[in-house]
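# Coordinate inspection notes
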Amino acid sequence: MLSDKLRRCLFFIGFLVFINNLFSQNQHVFQLNNAWHFYQADKAEKHNATVPGNIFTDLFNNKIIEDPYYTCNSENLKWIENEDWIYENTFTVDEAFLKNNHIELIFVGLDTYAEVVLNGSSVLEADNMFRKWKIDIKGLIKPGENTLSVRFQSATKKGKELAGKLNYTLPEGERVFIRKAQYHFGWDWGPRMAGCGIWKPAYIRAWNDLNIENVQLIQNSLNKENARLTLKAGFNSDISDNIEIEIIDNETEKKYGNIVFPIGVGPNELSYKFTIDDPIYWWTYDKGNPHLYDFRIIFKRDGEKIHEFRKKTGLRTLELINEKDSIGESFYFKLNDKPIYIKGANYIPQDVFPSRVSNSTYRDLLEKAKWSNMNMLRVWGGGIYENDIFYDLCDSLGILIWQDFMFACAMYPGDEDFFNNVRQEVTEQVIRLREHPSIALWCGNNEIDEGWHNWGWQKQYNYSADDSTRIYSDYKKLFHELIPEVLEKEDLSRSYWPSSPKYGWGRAKSLTRGDSHYWGVWWGMEPFSVYKEKVPRFSSEYGFQGFPELSTLKKIAPDDSLYLGSKVLKCHQKHPRGFETIEEYMKREWPVPVNLEDYIYISQLVQAYGIKTAIEAHRSAMPYNMGTLYWQFNDCWPVVSWSGLDYYHKPKALQYFVKKAFKSVIIVPEINDNKLIVKLINETGKLLRYKMIISLYDEKGDHIYSYSDDDEIIGDKKDLTFSKELNSKVENLFNSDKQFFAAIRIYPENMPVIASSISSSLPKDFKLKNPEIKFTVKESLEGKLITLRSKSFAKNVRISLKDDDLIKIEYSDNFFDMEPGTDYPVLIKTSEDPESIRKKIRITSLYQVQEKLR
């Protein structure tokens with residue numbers, strides 16, 4: 001990860017861009033991101049603090065606690081959430097600054113229960129991590145030195161206090177009363193670190209005459225001839241005057257009006273409608289160009305510029321089609337009137353302490369989503385509403401966002417104060433995010449409706465009939481009334497889905513209606529093959545765990561803890577039966593290594609093949625199934641989890657498998673009734689001509705037979721047919737009970753080769769011989785090119801470099817199968833020179849792991 005110093009530098013640069021876009025000549029901004037101190041409420045000793053930041057990182061930076069992520073340190077830090085903490089800043093202003101008519105103190109994010117005190121006067125009591133707070137301090141700020149204190153009350157204690165006021169217990173205890181990132185209270189992939197802090201920027205804004213609070217571009221309609229947009233601007237003004245507005249396309253310099261509007265004293269809302277002829281549509285990157293219009297919006301008074309905003313927007317239509325049909329109830333998205341198959345994953349916050357995620361880290365992760373051929377990420381409801389940079393990047397990269405509101409896996413209170421707080425939170429977030437073309441759907445919550453109907457809460461908490469009625473009534477008021485009311489007022493352009501999934505995975509209806517979270521695999525211990533039998537209309541959650549790379553574990557564990565069953569590894573596995581479940585599935589089909597490095601390798605293959613099975617089953621069922629979002633894309637700390645990318649963004653085998661399974665053209669081989677069956681799936685929307693080669697290899701990996709054919713596919717799916725000779729060869733191999741492998745390669749016109757393979761037996765029974773893989777390394781324009789060649793068929797070839805925990809390195813492919821006599825190029829992005837790579841390279845295949853166990 002980046003150093004704290006570099007992270008603060010990058011954040012500061014981003015904040016300057018933010019400020020430059022927001023303010024102008026008649027506004028003055030006093031930043032409050034420096035010179036902060038913190039201390040424990042009942043102790044006097046002060047320490048330097050970082051803003052934006054968090055109490056855990058501040059304690060760590062001051063060497064008061066050890067790294068929360070290292071070894072089992074997180075287990076020893078629970079005392080922090082039970083303490084009250086005070087942050088202080090002393091700043092100086094001059095008389096000239098105080099002459100401004102309006103002076104406002106603004107906190108973009110306070111986590112969570114905070115009393116703000118300026119020069120001894122209490123000016124704010126905050127109670128929501130997800131809200132922005134603005135306070136008029138004109139009469140309280142003074143010339144010279146000013147003291148600002150933010151006094152954080154323990155969210156845990158406050159939550160327990162609120163919970164104690166009810167005569168029944170809500171599932172998940174105190175966290176549900178606290179409008180704070182729910183994962184901070186621990187999840188089955190993350191530690192409990194429910195701290196506090198000023199987690200987003202803080203500043204003082206002064207202005208005279210008028211202030212423009214926000215400017216947005218809202219799309220009203222779109223067709224091939226034109227797009228109709230509305231410019232919305234909110235003002236506060238001390239004067240009655242005329243304001244002139246210019247809207248200029250930054251790319252073409254075309255002007256969309258030069259309009260004069262009268263404004264009066266007090267709040268003003270301005271709306272101006274304009275039309276773009278021959279609009280360029282925004283598409284997901286896999287379907288076209290995610291084109292963004294780039295506008296300069298200039299505000300003038302008496303002919304002089306007073307404000308200038310830069311606004312980017314994409315023009316598209318997007319709707320969720322959820323209609324009854326002959327099977328049950330559809331669930332698919334139409335982008336620009338065309339059904340689109342969704343491929344992606346569930347996204348969680350990138351750090352337990354989100355304020356330290358840099359813009360470059362956001363970019364790296366989202367570019368890896370595109371590299372993985374994903375066109376959607378689901379922002380899961382137990383995390384945070386992400387920073388603007390996240391949505392800006394998704395807009396530009398052409399990645400859709402399923403946006404949960406921040407409620408997950410629990411029932412929530414229904415009192416007036418809680419509802420009012422949530423209403424303001426939802427309103428602010430919808431207004432902030434609604435102009436992003438990447439936002440595809442608003443979703444009320446994660447798994448709450450399913451939990452209420454399937455998880456046995458009523459019995460577990462011994463609810464009376466009246467209790468149950470009250471709790472579920474509060475649920476419906478929040479997710480079926482309050483949030484829809486806000487959306488009806490602030491954003492009618494998107495669909496709303498009250499709860500994901502619609503039905504629990506144990507119910508038959510979950511496969512025929514709406515979206516589904518299928519956890520029969522993992523939680524239900526069902527085999528991976530069940531993914532082929534239980535295919536839903538849209539799969540918004542399913543998953544399996546795999547270990548992160550050994551190089552990742554080395555960052556959080558000393559060498560003497562790097563063994564299976566160590567206490568440190570157990571501290572970085574948050575599922576109660578995680579290790580047992582991984583090993584149970586491993587034993588069913590795979591060899592079970594005894595050393596950690598080989599165990600990591602096999603665990604990643606178990607995970608990768610399992611999720612590949614699901615993705616291929618989902619895509620093969622198109623258009624019955626129209627989307628697949630696996631759990632989960634990323635991690636918030638170094639951990640054994642369901643992710644494909646670990647905390648340091650290092651891909652597991654899963655991510656390489658996903659990249660191939662999400663391509664626009666894939667092949668899905670199966671062996672049924674002693675026959676080889678291959679499905680070809682084509683999402684290009686075009687006629688696809690191709691050459692196909694199928695090669696058979698014996699149990700040692702030696703070549704038996706090859707078959708080739710030229711063909712084409714016109715639609716989106718095709719079952720390939722083969723010659724009698726190939727079918728006879730396969731049948732004879734089955735009848736002789738000989739183990740064999742079938743490798744299929746498709747060479748489409750103007751596209752890279754597509755490859756897959758299948759075997760007649762389980763991996764634990766493979767009898768492959770040493771493939772004797774050789775390689776060359778040379779420089780290329782894009783990095784270092786490694787070319788590999790084997791003497792016999794090789795399974796799951798993995799490339800790594802010795803000491804890769806000490807260097808930054810990326811591979812274009814990994815964990816792949818190799819056919820003998822064929823060159824396999826792998827591009828490596830690293831600062832290492834070719835000679836260093838030759839010395840450090842390590843090549844592993846399934847053969848090497850099995851050989852150690854023989």
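Provided above is the structure to which this section pertains.
The structure displayed is predicted, hence computed values, not measured ones.

Another aspect to go through is the sheet that holds strand β44 (residues 841–844). Reading across from one edge, β42-β40-β44 is the order of the three strands in this open sheet, with antiparallel pairing throughout. Two strands bound the open sheet, and with one partner strand each, they are β42 (816–818) and β44. When the angles between neighbouring strand axes are averaged without regard to direction, this sheet yields 40 degrees. Together, β40 (794–801), β42 and β44 form the strand contacts of helix α15 (residues 596–620), whose direction differs from that of β40 by roughly 125 degrees.

It is worth spelling out the pairing of strand β31 (residues 665–672) at this point. Across eight bridges, β31 lies against strand β32 (residues 675–682) in antiparallel orientation. Residue pairing in the sheet places proline 669 in a bridge with valine 678 of β32. Taken together, β31 and the strand that follows it, β32, pair antiparallel across an intervening segment of two residues, in which aspartate 673 is found at a positive phi of about 50 degrees.

Below, the discussion takes up unusual backbone geometry. For the peptide bond that leads from methionine 622 to proline 623, omega is 10 degrees, which places it in the cis range. With respect to the secondary-structure elements, proline 623 resides in the loop between α15 and β30 (627–630). With an omega of 5 degrees, the peptide bond running from tryptophan 631 to glutamine 632 counts as cis. As for its placement among the helices and strands, glutamine 632 is situated in the loop between β30 and α16 (653–661). In the Ramachandran plot, threonine 71 falls in the positive-phi region, its phi being about 45 degrees despite a non-glycine side chain. With respect to the secondary-structure elements, threonine 71 resides in the loop between α2 (55–61) and β4 (85–93). The buried category is assigned to threonine 71, whose relative accessible area is 16%. Although it is not a glycine, aspartate 302 sits at a positive phi angle of roughly 55 degrees. Secondary-structure assignment places aspartate 302 in the loop between β18 (293–301) and β19 (304–313).

Attention now goes to the sheet that holds β18. One open sheet holds the four strands; their spatial order is β16-β15-β18-β19, and the pairing between them is antiparallel. Each edge of the open sheet carries a strand with a single partner, namely β16 (255–263) and β19. Pairwise comparison of adjacent strand axes, ignoring direction, gives a mean angle of 20 degrees for this sheet. Looking at chain direction, strand β15 (residues 241–249) and β18 are connected through six bridges and run antiparallel.

Listed in full, the buried residues belonging to helix α19 (residues 846–853) are Leu846, Tyr847, Val849 and Gln850. Projected down its long axis, α19 carries its buried residues within an arc of 165 degrees, all on one side. Looking at the buried positions of α19, the neighbouring elements they touch are α15, β40 and β44.

Counting residues in each nonpolar core, the largest one holds 182 residues, and the members touching the most others are Phe107 and Leu110. Here this core takes 11 residues from α15, the largest share from any one element. For leucine 110, the contacting residues outside a window of four places in its chain are Val116, Leu124, Ala126, Asn128, Met129, Trp133, Val150, Phe152, Gly197, Ile198 and Trp199. Counting 49 residues, the second-largest nonpolar core is a separate cluster that includes Ile259, Ile306, Ile340 and Trp402.

This brings us to the packing of helix α5 (residues 359–371) against helix α6 (residues 388–397). In a packed pair of helices, the relevant descriptors are the angle between the two axes and the axis-to-axis distance. For the pair α5 and α6, the least separation of the axes is 10 Å and the interaxial angle reads 35 degrees. Once α5 is placed against α6, the crossing between them reads as right-handed. Each of Asn359, Tyr362, Arg363, Leu366, Glu367 and Lys370 in α5 lies in contact with α6, whose residues at this interface are Ile389, Phe390, Leu393, Cys394 and Leu397. Across the contact of α5 with α6, the residue classes tally to seven nonpolar, one polar and three charged.

Definitions and limits used
- Residues numbered from 1 in each chain as written.
- Predicted model: local features only at pLDDT ≥ 70, side-chain atom pairs only at ≥ 80, totals over all residues.
- Heavy atoms only, no water.
- Pairing = 2+ DSSP bridges.
- Helix = DSSP H or I, 4+ residues; strand = E, 2+ residues; numbered from the N terminus.
- Axes fitted to C-alpha atoms, helices over the stretch in contact; angles between N-to-C directions.
- Contact = heavy atoms within 4.5 Å.
- Buried < 20%, exposed > 50% of the residue type's maximum accessible area, 1.4 Å probe, protein only.
- Arc of directions from axis to C-beta.
- Core = buried A, V, L, I, M, F, W, Y, C linked by side-chain atoms within 4.5 Å.
- Left-handed = near helix turned anticlockwise from the far one by under 90°.
- Nonpolar A, V, L, I, M, F, W, Y, C, P; charged D, E, K, R; others polar.

The analysis is restricted to geometry; functional conclusions fall outside its scope.
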